[in-house]
Amino acid sequence: MSTLDSGLTLIKNASQRVSKANGWMGNAFKSWMPTGLYARALLIMIVPMVILQTVVAFVFMERHWNTVTRRLSAAVVSDIAALIDVYKIYPQDKDRAQLRGIAQKLQLVVDFLPAGDMPPPGPKPFFSLLDQTLSVQLGRQISRPFWIDTVGKSNLVEIRVQLDDSVMRIFAQRSAAYASNSEIFIFWMLGTSTILLIVAVLFLRNQIKPILRLADAAESFGKGREAPNFRPRGAREVRRAAQAFIEMKARVERSIEQRTAMLAGVSHDLRTILTRFKLELALIGEGPEIDAMRKDVDEMSMMLEDYLAFARGDSGEVAQPTDMAMALEELRSDAERHGHTATVAFHGLPVVTVKPASFKRCLANLVSNAARHANTISITGHRDHRYLNITVDDDGPGIPANMREEVFKPFLRLDDARNQDEGGSGLGLAIARDIARSHGGDIMLSESPMGGLRAAVRVPV
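Treat the numbers as computed from the prediction; the structure is a model and nothing was measured.

(A) Representation of the overall build of the chain in the model. Counting its secondary structure elements, the chain contains 11 helices and 11 strands. By the burial criterion, 34% of the 461 residues in the chain qualify as buried. In the chain, the share of contacts with a sequence separation of at least 24, taken over all contacts with a separation of at least 6, comes to 64%. Within the structure as shown, the chain displays about 28,000 Å² of accessible surface, and the carbon and sulfur contribution to it stands at 60%.

(B) Seen up close, the pattern of salt bridges. Applying the stated rule across the entire model yields 13 salt bridges. One salt bridge connects Glu158 with Arg160, and the closest N-O pair in it is separated by 2.7 Å. Residue Glu158 is classed as buried on the basis of its relative accessible area of 13%. One salt-bridge network, in which partners are shared between bridges, spans Glu405, Arg433, Arg437 and Asp442.

(C) Highlighting helix 11 (residues 428-438). Taking burial as the measure, the 11 residues of helix 11 include eight buried ones, the bulk of the element. Turning to helix 11, its buried residues number three or more, namely Gly428, Leu429, Ala430, Ile431, Ala432, Arg433, Ile435 and Ala436. Remark: Gly440 follows helix 11 within two positions and exhibits a positive phi of approximately 85°.

(D) Quick peek at the sheet that holds strand 6 (residues 341-347). Read from one edge of the open sheet, five strands run 6-8-9-11-10, paired in mixed fashion. Every interior strand has two partners, whereas the edge strands, strand 6 and strand 10 (442-447), have only one. Strand-to-strand twist in this sheet, taken as the mean axis angle between neighbours without regard to direction, amounts to 15°. With seven bridges connecting them, strand 9 (residues 387-394) and strand 11 (residues 453-460) associate as antiparallel partners. Note that in strand 11 the partner of Thr391 across the bridge is Ala456. Its contacts with the sheet place helix 9 (residues 324-337) against strand 6, strand 8 (376-383) and strand 9, and it is angled at close to 175° to strand 6. Against the sheet, helix 11 touches strand 10 and strand 11, its axis set at about 130° to strand 10.

The rules we used
Residues numbered from 1 in each chain as written. Predicted model: local features only at pLDDT ≥ 70, side-chain atom pairs only at ≥ 80, totals over all residues. Heavy atoms only, no water. Helix = DSSP H or I, 4+ residues; strand = E, 2+ residues; numbered from the N terminus. Buried < 20%, exposed > 50% of the residue type's maximum accessible area, 1.4 Å probe, protein only. Contact = heavy atoms within 4.5 Å. Areas by Shrake-Rupley, 256 points an atom, 1.4 Å probe, with all protein chains shown as cover. Salt bridge = Lys/Arg side-chain N within 4 Å of Asp/Glu carboxyl O. Pairing = 2+ DSSP bridges. Axes fitted to C-alpha atoms, helices over the stretch in contact; angles between N-to-C directions.

Limitation: the analysis is restricted to geometry and does not speak to function.
Pasting the structure below:
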């Protein structure tokens, strides 16, 4: 059993190492991959095309180009070898006229130089298939000292062969010894691939646009804004997703409208009853009991307004550009009017697209919550290219860390809670968070540098 256990342990350790290595490689591969759909789709198109062209080009170069060049070079060298044989067999051709005639028929130009007129060997080019192939064929078929010049852009190739009493100089057409159409093949391959790739990129871009429009429309709806020009476009699947989004948006808006209409009717009925109470109390007269009843009726009115505001949310209001610096300045004036010390600072471009009335109510609830438990309030705003951040700091008693999420629950009231409205409804922070989330943001509570509570609002712009 001990041997079996040790073997199983080794296998388990090895599998864990393999799993960790696989996970590391997967994470590394993900970090190298682009994150956008457009870039990934381009990569999916480009990589197979590049691999295919590389394989085709390699096969063509390795087999067709090399084979054709070898055969052409071998044919040219065979003609030169035949001319050398003619030179040896017919010495009576003193002026070499017949030899030159035969060479001309073979598309070669032959000349004879003195025996010592052989240039020194030059440096070989780094990569020249013609030079390598000609050298191999000359060494294989002629077996005499030779010198070749294939470097340059000339259409001719110069070959010199050492004979017994002279040097034969031959000029051959480069195209006769070299498969020159390979460059044309590569040019056409790369050219057509580039054109097709450009067409594919443009087509893919048009296919990605409807997805981006759908994402923008969903993001605008999440921020409480409208997307008036949005309609289903693109491929069938994208149009189906866009149509599903439009139907979902319509259902949500219809549900909100029905709830708003119901709450409007309830508020009308309750306000009618409360108005009747106020009239009856006014007719009764004055007295301590009457004053207490009036106070209760006023508290009920304020609680009713808070309940309706919480249930209604910010439905019906249209988002529009709002000067947040001016809105924060109004909140500061309201706080100072009620006897508190308040400061305001705003950084960045102040104009932000929000639902002005509801967002101001969100901030007013935070400021009033701070004013109820502190003497000094600091309001700071900052806007960048992504978010609007507003913090409300105070020097009050604060809220324990374990209760900072609990106070956002509707109707929750703590002994020392700071989410109580003036009427004690317990909806101030709940309404504020609901409005912030309807704008696509949130509210977080933390400890303030002033010693009290910090309420931080962040919404995307």
